[in-house]
Amino acid sequence: MAVTEKPVVLLGMDLEELKRLAISGGMPAFTGKQLAEWIYKKRVTSFEKMNNISKKNREWLEANCKIGRENPSARFKSADGTVKYLFNADKGKKIEAVMIPDRDRATLCVSSQIGCRMNCYFCATGRSGFSGNLTAAEILNQILTVGGEINAGNDEEDLTNIVFMGMGEPLDNFKEVKRAIDVLTASWGMAWSPKRITVSTVGKLPQLKELLDDTKVHVAVSLHTPNASIREQMMPAQKAFPITSVIKMLKSYDFSHQRRLSFEYIMWKGVNDDIEHAKSLVSLIQGLDCRVNLIRFHRIPGVELQPATEERMIMFRNFLNTHGIIATIRASRGEDIMAACGMLAGKGC
């Protein structure tokens, strides 16, 4: 068994890849299944704990591979119980994951990129620039590490939901995000129901269609205004992926059963918070089985936007509800540790 020059990262590999790796090391194929069990179900962080694999084979794995689990470099806890985790990434950069507890739920907001290419005006991540894509291993590490930490090392997973709403545009890193989703939902992997996973996007086509065709996860589209010219000013991706084209494509799918479609709508004072915008939004998404999440704007440096008033948000919500669209005002969480929506920039607090 020759030692490879660079350790192979096992986290993020699917079952067939793990089997091929085992065979390449002179082990039986079923060792690949054992590796999947240890890494994804039992969440071990060392080969030494894999006690149904022979010592000789564990030594080969130790010499040639690494599991790929890394602890966060820092943690910050909000007054409301939200916890932000910083993880090291390439080029000395950091990425963030945010765990949001809520009664019997624990939702983890995961990052998929170091920064973001979408350059949305109102988002700290977009304004921080783009430094690279995360691998499936780096995405899954956020989930396994935080899930294991809040569960104090028990076999049962205490995270109830995953939202790809952290740093980055998930569909701009579709290959690695899809690989992570496959591990999360496969019976040989973490065996999560896709109903526990939501992927957010600005509406990047054709990857959005691939996501809808190849998975059963929920989808959240960052809309923020029905006005095309305002949206292009706020979200440069509007030019490449017009929201009308996104809506047209979404209308060819059935969201009336278990898969959920939602639209994210950050509300800014005097920009997108009046009754005319509410009417235009109803007109745009009418006919879609969906819901709208109204989000408070969280101020970030260098952005001259103001949050809409509570009264405007309530008016907007009520108008949508009376016109047959389920709308809710999302509670702000983690603002005091720079962990709320639009505030993640890989810089801690």
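So, here is what we can say about the structure in this document. Note that residues are indexed from 1 along each chain, following the sequence as it is written. Where local features are concerned, this predicted model is filtered to residues with pLDDT of at least 70; where side-chain atom pairs are given and counted, the filter is 80 or more; whole-chain, interface and lining totals use all residues. The side-chain quantities take in all heavy atoms of the structure and omit both hydrogens and water.

### Examining the pattern of salt bridges
1) Next: For this document, the term salt bridge refers to a Lys or Arg side-chain nitrogen within 4 Å of an Asp or Glu carboxyl oxygen. Inspection of the entire model under this criterion finds twelve salt bridges.
2) Next: Arg 179 serves as the salt-bridge partner of Glu 17, at 2.8 Å between the closest nitrogen and oxygen. Of the two residues, Glu 17 sits in helix H1 (residues 15-24) while Arg 179 sits in helix H6 (residues 174-185), which places them 162 residues apart along the sequence.
3) Next: Only protein chains enter the accessibility calculation, which uses a 1.4 Å probe. A residue is then buried if its area is under 20% of the maximum for its type, exposed if over 50%, and partly exposed in between. Taking relative accessible area as the criterion, Arg 179 reaches 26% and is therefore assigned partly exposed.
4) Next: For Asp 172, the salt bridge goes to Arg 117, with nearest N and O atoms at 2.9 Å. Of this pair, Asp 172 sits in the loop between strand S9 (161-164) and H6 while Arg 117 is found in the loop between strand S7 (113-115) and helix H4 (124-127), placing the two residues 55 residues apart along the sequence.
5) Next: Classification of Asp 172 by relative accessible area gives buried; the value is 14%.
6) Next: One network of salt bridges, with partners in common, ties together Arg 117, Asp 172 and Lys 204. Strands here mean DSSP runs of E at least two residues long; helices mean DSSP runs of H or I at least four residues long; both are numbered from the N terminus.

### Focus on the packing of aromatic side chains
1) Next: Only rings of Phe, Tyr and Trp enter the pairing, Trp through its six-membered ring, and a pair is recorded when the two centres are within 6.5 Å. The plane angle decides the type: under 30 degrees is stacked, over 60 is edge-to-face, the rest tilted. On inspection of all chains with the given rule, the structure shows four aromatic pairs.
2) Next: Note on Phe 122 and Trp 268: the rings are 4.9 Å apart at their centroids and 50° apart in plane angle, and the pair reads as tilted. A residue pair is termed long-range when its members are at least 10 positions apart, and Phe 122 in the loop between S7 and H4 and Trp 268 in the loop between strand S12 (261-267) and helix H11 (275-285) qualify at 146 residues. The pair formed by Phe 122 and Trp 268 is uniform in burial state, with each residue classed as buried.
3) Next: A centroid spacing of 5.0 Å and a plane angle of 35° characterise the contact between Tyr 265 and Phe 316, whose relative ring orientation is tilted. Of this pair, Tyr 265 sits in strand S12 while Phe 316 sits in helix H12 (residues 310-322); the two residues are 51 residues apart in sequence, bridging distant segments of the chain.
4) Next: Judged by its relative accessible area of 0%, Phe 316 falls in the buried class.
5) Next: An aromatic cluster is built from Phe 122, Trp 268 and Phe 297, whose rings are joined through pairwise contacts.
6) Next: Two conditions define a charge sitting above a ring: the NZ of Lys or the CZ of Arg must be within 6 Å of the ring centre, and it must be within 35 degrees of the ring normal. The residue whose ring lies beneath Lys 42 is Trp 38, and the NZ or CZ to ring-centre distance is 4.2 Å.
7) Next: Above the face of the Trp 192 ring, Arg 196 is positioned so that its terminal group lies 3.6 Å from the ring centre.

### Here we look at the sheet that holds strand S6 (residues 105-109)
Strands belonging to one sheet form pairs held by backbone hydrogen bonds; the direction of such a pair is parallel or antiparallel.
1) Next: Note: two strands are recorded as paired if DSSP finds a minimum of 2 bridges between them. Within the open sheet, the ten strands sit side by side as S3-S4-S5-S6-S9-S10-S11-S12-S13-S14. Their pairing is mixed. At either end of the open sheet lies a strand with only one pairing partner, and these are strand S3 (74-77) and strand S14 (326-329). Averaged over neighbouring strand pairs, the angle between their axes works out to 20° when direction is ignored.
2) Next: Where S12 meets strand S13 (residues 291-296), six bridges bridge the pair, whose relative direction is parallel. Across the sheet, residue Phe 263 finds its bridge partner in S13, namely Val 292. Simply put, an axis is a line fit to the C-alpha atoms, just over the touching stretch for a helix, and the angle between two N-to-C directions goes from 0 to 180 degrees.

Function cannot be inferred from these measures alone, as they are strictly geometric.
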